[in-house]
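The residues making up each chain are set out below.
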Amino acid sequence: MFDFVINTPAAHKSYSDCSGCGLCTLVCPVWRRKRDLQHSPLGWAKALQHGAAPGDLVDALWNCTLCRACDPVCPERIDVSGMILKLRAQLVHPQTAVLQGRMAAQARRPAPACQEKTALLAGEALRAHPALLSRITALLDKAGVLVVAHDDGADISLALEAGVTVSPERLAALIEPLRRADKVIVADGLLLPYLAQWLPAARIFSLGETLSSLEIIRRNLRVTDLYVIEPRAYHADYVRLIKYYDRLRKERGCDFNLDLQRIAIPATVRGLPQRLGLMVPDDDAQASWVLHGRSITRIVVESLEDRAAFEKVSNVPVVHLAELADSLRR
Amino acid sequence: MPPETSELVLTEPGAIGPCHVGPDALLGIKRQQTNPTRWNGQRWHPFAAALRDGGIELRENIAACGTFATDAGGTAYGLPHGVVIARSAAQVSALLKAAQQFRVPVTVRGGGLTTEGESVAFGGVLLDMTGMSRVLHVDTEALTVRTEGGIFWHSLAEELRRYGMDYLSAPLNLTSSVGGTLGVGGIDVNSPRLGCSADQALALQVVTPRGDIVECSDTQNAELFQRVVLGYGQFGVITEATLKIRRYTPLRMHYFYYDSLRTAVEDMQLLNRNDASDYSGILTIMDCAVNLLVAFDSDERETAFRANWQSKLRGHGEPGFALCMLRRYALRPWKLPEAWYLLQRKRELFPEFRRSEYMHDGLMYDRTVVFSRAVWKFWGSKQMVIPDLATSAEKFAEAVERGNAVCRKYFPHYTLYCVGIRLRPEHKPHYEMSCIPPDAEGWAYGCEFEPMMDDRVYSRDYLQSFKNAIYDIGVELGGSYYRFGGMMKGYIRRVFGDEVVDRHLAMKREADPAMILNRDVIF
C-alpha cells in the first residue's frame, strides 16, 4: 500500500506543535503578497490551536502554493506542507469529481514498463514544449539509457494538491512501470518526495539538479547570471541541496533566488485556483521581487513556469537551464 | 439559598487592580500581577458598525481572533473581540478615533514576540501591524531607510541587502517588528557600540491615541518622539519609521570560553570600555561553560584586537577549554552527568553556528539568521519566560550572579544572554521609565535568564514565581527590565517609583483620554 504521508519524524508533528516563531511567515510568498497572517502557516496553526476548523480557513488553504519554503525553516520540524495537504484533504474541493475522473481515465490506460535504467517524468509544462523536451532528453541520454515515462503522474500531482484521494489502482499504474528504473528524474517538485517514498530502491532527482550537474551546462553559467532554483524540489530535499547549490555558487559565482535564510524565493505565486485554471496567475509582483535590486545580465531557470513569469517583467534574456548547452555550442 | 456569587472589581485603566486569586491560595508564592480582566465588550456593536461604515475591515471570526490568542511567551491568553489588519495610517487613525469615541481598547501587535502578554488583546480590537510591512525608500547616500512600522527586521534586512546595506542593530530574532522594537528598545550584539535598536530611529510617523497622524523626530514634535521611542506603545502607533542604515559587512567571529560568569562579564566590559570589538555578548550553556562572543566588521578592527586586547582576555579557545573541563570533571566524577549534558549540548549547538551555507572563508554571513534560527531551534517552545535584569555597568556582575543563583534554584538547565548597550546622552529623555536603568552612565547592561523547558511542563505560577524572584533583584539593585509590561507590570512602581510613574500616567491620560491604546501593557 502506498503512503501519502511523507514518512519523516516531522510527519508526526502537526499544527498543535507550533510554538509561534513566525519563521514560516518570512518565507511565505502568499503572506508576502497579502500581508495577512491568515495566509501563512503560522496563522493557520494558531487559529487551529485556538478553536478554528479547517473550514474556517478555506480560502487561505487553497491559496497556498505548496512551495514548501516553510518546511525547512520550522524549528519545531513540523512537516508544514504535509499539514496543509492533510487540512486540504478535510475540505472537499469543487473540482474533486473532475480530478477523480481524470485519474480514473489514466488508470485505465496503463503505461508500458520502462525498459531503461533512467526514467524522466517530464510533466505537463515540458511536454508542451517538445523541442526543449527533446533537447533535455538528448542531454541526459548520453549513454542511451534514458526513457521519457509515458505516465508522469501530472494528474496525481494535481489531486495531491487538491487534497483528493488517489486510488491505489491509479498509483500502481504510475509506479509499476517505474520499478525497473534505478534513477528517476522528475520535473514536478511536488512529486519528488512522494516518489522517493514509493520507489525506495530508486534514486530520485529533480530535473534542475540533474541538468545543472552536467558539465556542458554548468560551465556556461556566468557570474552575472541569476540562477532560479525550482522551490518545491529544493525545499523537499533542502539539507542535501543547500550544500549542492552552495557548491555551485562557489564554483560559478552566479547569483541565486535564495533569501538570507537560503530559502528559494518562488518566482510565481500560484495556489490551487491558478493551478486548476480557475484563476489567471498574476506573478508580476513576485517575479519583480526576485529581481529587485540585482545586477544581472541573464536569468537561468530550472522551471518553464518561471521562464514565463520573468519574461513578463524583465528585459534581460531568460533561458531554461537546458538551453545553456546550446549557447555553449554557439 | 443560591450560591454566593463573587463579583470582579472593575479596575480603572491605569491603576493596578487586585489579584483575583484568593489570598489563601498558592501559599508561599509571592504574587505581583495576573492577567488583566477581559474588557467587557460594552458598546462593541455600535463601534463595529461605525468601523464598517467607515470602510474598515473588522474580522470577528474565530480563525482571525484565535490567531492572536497568545504571544511568544505562551503563558498569557486572551481573545480580542475583533481583528483589524493595519493597511494605512489613515485607516489606523480612523480606528483610533472610533475607539476613543466608543472607549474600546486597541492592542497593537507587531511580531507578537512579547512574553508577558503585552501583545495579547484581552478583549477589544487587535491591530495587526504586519499588514503595514513594506520598505518605502532606501537612500544609500544618506544611509537611511523609510519603512512601514509593521515590517519584520528580517524582511527589512532582505530588502536592504539587495542594496548592499544593513540595519544598524536589531534583536537577534527574525520576526521582531520594527515598530514593536522601537517601542521597547531592542538589543543586538553590536549594541555595546551602536546602542539599542530604538536609538537608530531618526523620524517616525505616529498615529496618536486620539487618531492624529503626526511626523516626529528630535527636531519636529520632539516631545512625542521622546514618548513614543521606548514608550511601550502608550503614546502612539508607529506607522512609518526612518532608520539609520550602514553598508553590509560579514562578521569575523571569535569565541572565548570561561568557567566563571563574573570573569566573562568583566572581560566583556573591558572590551566595551575600550571599544575593542564591534560585537560582543555572552551566551552560556551552563554557568560553568560561558561563551563570550567577539566579532568584527573589518580586518583592521580584528587585527587591532589581536594586537592589543586578545591577550588580556582570560577566556580559553575551544581546545583549552576542553582541557579545563576535563580537569574539572576528573576531580568531580560525581558531576559526570553535567559533563555529559555539556558535551551533548556542544554537539547540538556548535554545528548550528558554523553551518557552511552561512560561513565562507572564516566569515559569518547573516548573523541574525544564524542566531535567530538557533534561538528558536534550541530555546524556543510553546511556553517561554525570559525575565531579565538591566543595570549600570558597576552593578551588572552582581545582578548576573544573583540571577544565576535564582535560575539554579528553579531549573536544571537555562541560558544567560548578556550584552551591553551604549547609551546616547542626547537620548536621555527617551530613556526615562524604560529598560535603561536611571543610574546607568556610558553603558547599560542587560541579562536575559532563559530556562530550558525541555519536555517538562511548569505551571504558570511556578514560572511567575521564578520571574518575580529575578525581578526582586532588580528592585534591590535599583535597576530596570526589558520586559516590565504585561504580567510583570506590578514591578513598574516598585522599580521606577510613584513620582515617575504618576508623571507618565498623567501624560498618558492627556494623550489617551479613554485609555484605549495598549491599555494593559504598563498602566
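S.K.: Would you explain the overall build of chain A in this entry?
M.R.: When you go through chain A residue by residue, the secondary structure sums to 20 helices and eight strands. Seen through its principal axes, chain A has C-alpha atoms that stretch 60 × 50 × 35 Å. Across the 330 residues of chain A, 61% fall into the buried class. Summarising the internal contacts of chain A: among those between residues at least 6 apart in sequence, 70% fall at separations of at least 24. Counting every atom, chain A has about 12,900 Å² of accessible surface; 53% of that belongs to carbon and sulfur.

S.K.: Just to check I follow, could you spell out the state of the cysteines for this structure?
M.R.: The bond known as a disulfide is covalent and runs between the sulfur atoms of two cysteines. All names here are of chain A. All told, the structure shown has zero disulfides over all chains when counted by the stated rule. Take Cys18: it sits in no disulfide, and the sulfur closest to it among the cysteines is that of Cys24, at 6.3 Å. What makes Cys18 buried here is its relative accessible area of 10%. Sulfur of Cys74: no disulfide; nearest cysteine sulfur belongs to Cys21 and is 6.3 Å away. Cys74 sits in the buried class, given a relative accessible area of 15%.

S.K.: Before we go on, may I ask you to explain helix H10 (residues 318–331) of chain B in this structure?
M.R.: Since the α-helix turns once every 3.6 residues, residues separated by three or four places project in the same direction. Between the first and last C-alpha of H10 of chain B there are 20 Å, a value that for 14 residues agrees with the 20 Å anticipated at 1.5 Å per step. Summarising the contacts, the buried residues of H10 of chain B are in contact with strand S10 (251–258), strand S12 (289–296) and helix H11 (336–353) of chain B.

S.K.: Is there a simple way to explain helix H17 (residues 498–511) of chain B in this structure?
M.R.: Residues and elements named next belong to chain B. Counted at 1.5 Å a residue, the expected span for H17 with its 14 residues is 20 Å, and the 19 Å between its end C-alpha atoms agrees. Among the residues of H17, those classed as buried are Val500, Val501, His504, Leu505 and Lys508. Buried residues along H17 cover an arc of 130 degrees about the axis, so they all sit on one side. Among the exposed residues of H17, those oriented more than 90 degrees off its buried face are Glu499 and Glu510. Lining the buried residues of H17 we find helix H7 (222–228) and helix H16 (491–496).

S.K.: What's the story with the pairing of strand S1 (residues 82–85) of chain B in this structure? I'm lost.
M.R.: On any regular strand, side chains alternate: one points to one face of the sheet, the next to the other face. All names here are of chain B. Residues of S1 alternate between two faces, with Gly82 and Val84 on one and Val83 and Ile85 on the opposite face, all of them buried. Relative to strand S3 (residues 125–128), S1 runs parallel, the two sharing four bridges. Counted as the bridge partner of Ile85 is Asp128 from S3.

S.K.: Any chance you could explain the packing of helix H3 (residues 41–49) of chain A against helix H6 (residues 80–89) of chain A here in plain terms?
M.R.: Geometry of a packed helix pair, given as the angle between the helix axes and the separation of the axes. Residues and elements named next belong to chain A. One way to put it is that H3 packs onto H6 with a least axis distance of 11 Å and a crossing angle of 60 degrees. Regarding the angle of H3 to H6, the classification is oblique. Taken as a pair, H3 and H6 cross one another with a handedness that is left-handed. Mapping the contact onto sequence places Pro41, Trp44 and Leu48 in H3 and Val80, Met83, Ile84 and Leu87 in H6. Residue composition of the contact of H3 with H6, by class: seven nonpolar, no polar and no charged.

S.K.: Before we go on, may I ask you to explain the sheet that holds strand S4 (residues 203–206) of chain A in this structure?
M.R.: Each strand in a sheet pairs with its neighbour through backbone hydrogen bonds, running either in the same direction (parallel) or in the opposite one (antiparallel). Residue and element names in this part refer to chain A. Taken together, four strands build an open sheet; the order of strands is S2-S1-S3-S4 and the sheet is parallel. This sheet does not close on itself; its edge strands, each paired only once, are strand S2 (146–148) and S4. Between one strand axis and the next, the sheet turns by 25 degrees as a mean value, whatever way the strands run. Pairing analysis gives four bridges linking strand S3 (residues 183–186) to S4, with the strands arranged parallel. Along S4, the bridge assignment pairs Ile185 with Phe205. Its contacts with the sheet put helix H9 (residues 130–140) on strand S1 (118–121), S2 and S3, and the angle it makes with S2 is roughly 160 degrees.

S.K.: What is the right way to look at the domain arrangement of chain A in this model?
M.R.: Where the parts come together, the accessible area they lose is often given as the size of the interface. Residues and elements named next belong to chain A. Partitioning chain A into structural domains gives domain 1 (9–89), domain 2 (96–206) and domain 3 (213–329). On a C-alpha basis, the centres of domain 1 and domain 3 stand 24 Å from each other. Contacts between the two partners involve 18 residues from domain 1 and, on the opposite side, 19 residues from domain 3. For the pair domain 1 and domain 3, the summed buried area comes to about 1,500 Å², and 59% of that belongs to carbon and sulfur atoms.

S.K.: Just checking my understanding: could you explain the side chain of Ser169 of chain B for this structure?
M.R.: All names here are of chain B. By the secondary structure assignment, Ser169 is in the loop between strand S6 (165–167) and helix H5 (178–184). In this structure Ser169 comes out as buried when scored by relative accessible area, which is 1%. In this structure, Ser169 is in contact with Trp153, Asp188, Asn190, Ser191, Gly195, Cys196, Ser197 and Gln200, ignoring residues within four places of it in sequence.

S.K.: Could you clarify how one ought to interpret the environment of Asn468 of chain B in this entry?
M.R.: Topologically, Asn468 of chain B is positioned in helix H15 (residues 460–477). Separated by 20 residues in the primary sequence, Asn468 of chain B and Met488 of chain B have C-alpha atoms spaced 8.0 Å apart.

S.K.: Honestly, the sheet that holds strand S6 (residues 255–256) of chain A in this entry has me stumped. Any pointers?
M.R.: One open sheet holds the four strands; their spatial order is S6-S5-S7-S8 (chain A), and the pairing between them is parallel. Each having just a single partner strand, S6 and strand S8 (318–320) of chain A make up the two edges of the open sheet.

S.K.: What am I meant to see in the pattern of salt bridges here?
M.R.: Should the charged atoms of two oppositely charged side chains come close, the side chains can pair. Residues and elements named next belong to chain A. Throughout the structure, instances matching the rule amount to 62 salt bridges over all chains. Note that Arg294 is salt-bridged to Asp255, the shortest N-O span being 3.0 Å. Taken together, the positions of Arg294 in the loop between helix H18 (284–291) and strand S7 (298–301) and Asp255 in strand S6 put the pair 39 residues apart, joining distant regions of the chain. Its relative accessible area of 31% is what places Asp255 among the partly exposed residues. Taking the shortest distance from any N to any O, the salt bridge between Glu305 and Arg270 comes out at 3.5 Å. Placement of the pair is Glu305 in helix H19 (residues 304–313) and Arg270 in the loop between S6 and helix H17 (272–275), with a sequence separation of 35 residues. The class of Glu305 is partly exposed, set by a relative accessible area of 24%. Arg270 sits in the buried class, given a relative accessible area of 16%. Members of the salt-bridge network, linked through shared partners, are Glu161, Asp188, Arg232, Arg270, Arg275, Asp283 and Glu305.

S.K.: What's the story with the interface of chain A and chain B in this structure? I'm lost.
M.R.: Listed as interface residues are 47 residues of chain A and, on the opposing side, 43 residues of chain B. Buried area between chain A and chain B, summed over both chains or domains, comes out near 3,700 Å², and the portion from carbon and sulfur atoms is 54%. Viewed at the interface, chain B and chain A are joined by two salt bridges. Where Arg262 of chain A meets Asp366 of chain B, a salt bridge forms, and the shortest distance between an N and an O atom there is 2.9 Å. Between the two partners, chain A and chain B, sit 19 residue pairs in polar contact (both at pLDDT 80 or more). Counting residues per element, the ones that place at least two in the side of chain A that touches chain B are helix H1 (23–27), helix H2 (29–34), H3, helix H5 (70–73), helix H16 (238–252) and H18 of chain A. No other element matches H16 of chain A, which puts five residues into the side of chain A that touches chain B.

S.K.: What is the right way to read the nonpolar core from this model?
M.R.: It is characteristic of soluble globular proteins that their nonpolar side chains tend to be buried jointly. Ranked by size, the top nonpolar core spans 244 residues in total, and within it Leu195 and Tyr227 of chain A together with Leu156 and Leu204 of chain B carry the most contacts. Excluding its chain neighbours within four sequence positions, the residues that come into contact with Leu195 of chain A are Leu121, Ile175, Val184, Val186 and Ile204 of chain A. Grouped together as the second largest cluster of nonpolar side chains are 28 residues, Ala48, Leu127, Val207 and Leu517 of chain B included.

S.K.: For this particular structure, what's the right way to read the pairing of strand S7 (residues 201–207) of chain B?
M.R.: Residues and elements named next belong to chain B. For S7, the buried fraction is high: six of the seven residues fall into the buried class. The sheet contact formed by S7 and strand S9 (residues 237–247) spans six bridges and is antiparallel. Within the sheet, the bridge partner assigned to Ala201 lies in S9 and is Leu243. Relative to strand S8 (residues 213–217), S7 runs antiparallel, the two being bridged by five bridges. Note on S8: the bridge partner recorded for Ala203 is Ser217. Two successive antiparallel strands, S7 and S8, enclose a turn made up of five residues, where Gly211 displays a positive phi of approximately 100 degrees.

S.K.: Help me understand unusual backbone geometry, please; the structure alone is not making it clear to me.
M.R.: With a phi close to 55 degrees, Leu66 of chain A is a non-glycine residue in the positive phi region. Turning to its location among the elements, Leu66 of chain A is positioned in the loop between helix H4 (58–63) and H5. Given a relative accessible area of 2%, Leu66 of chain A falls into the buried group. The residue Tyr232 of chain B is not glycine, and still its phi comes out positive at about 55 degrees.

Basis of the calculations
- Residues numbered from 1 in each chain as written.
- Chains lettered and ligands numbered in written order.
- Predicted model: local features only at pLDDT ≥ 70, side-chain atom pairs only at ≥ 80, totals over all residues.
- Heavy atoms only, no water.
- Helix = DSSP H or I, 4+ residues; strand = E, 2+ residues; numbered from the N terminus.
- Buried < 20%, exposed > 50% of the residue type's maximum accessible area, 1.4 Å probe, protein only.
- Contact = heavy atoms within 4.5 Å.
- Areas by Shrake-Rupley, 256 points an atom, 1.4 Å probe, with all protein chains shown as cover.
- Disulfide = S-S within 2.5 Å.
- Expected span 1.5 Å × (residues − 1).
- Arc of directions from axis to C-beta.
- Pairing = 2+ DSSP bridges.
- Axes fitted to C-alpha atoms, helices over the stretch in contact; angles between N-to-C directions.
- Parallel < 35°, antiparallel > 145°, perpendicular 65-115°, else oblique.
- Left-handed = near helix turned anticlockwise from the far one by under 90°.
- Nonpolar A, V, L, I, M, F, W, Y, C, P; charged D, E, K, R; others polar.
- Domains from an automatic or database assignment.
- Buried area = accessible area lost by both parts, 1.4 Å probe.
- Salt bridge = Lys/Arg side-chain N within 4 Å of Asp/Glu carboxyl O.
- Polar contact = N/O pair within 3.5 Å; in protein donor to acceptor, adjacent residues only side chain to side chain.
- Core = buried A, V, L, I, M, F, W, Y, C linked by side-chain atoms within 4.5 Å.

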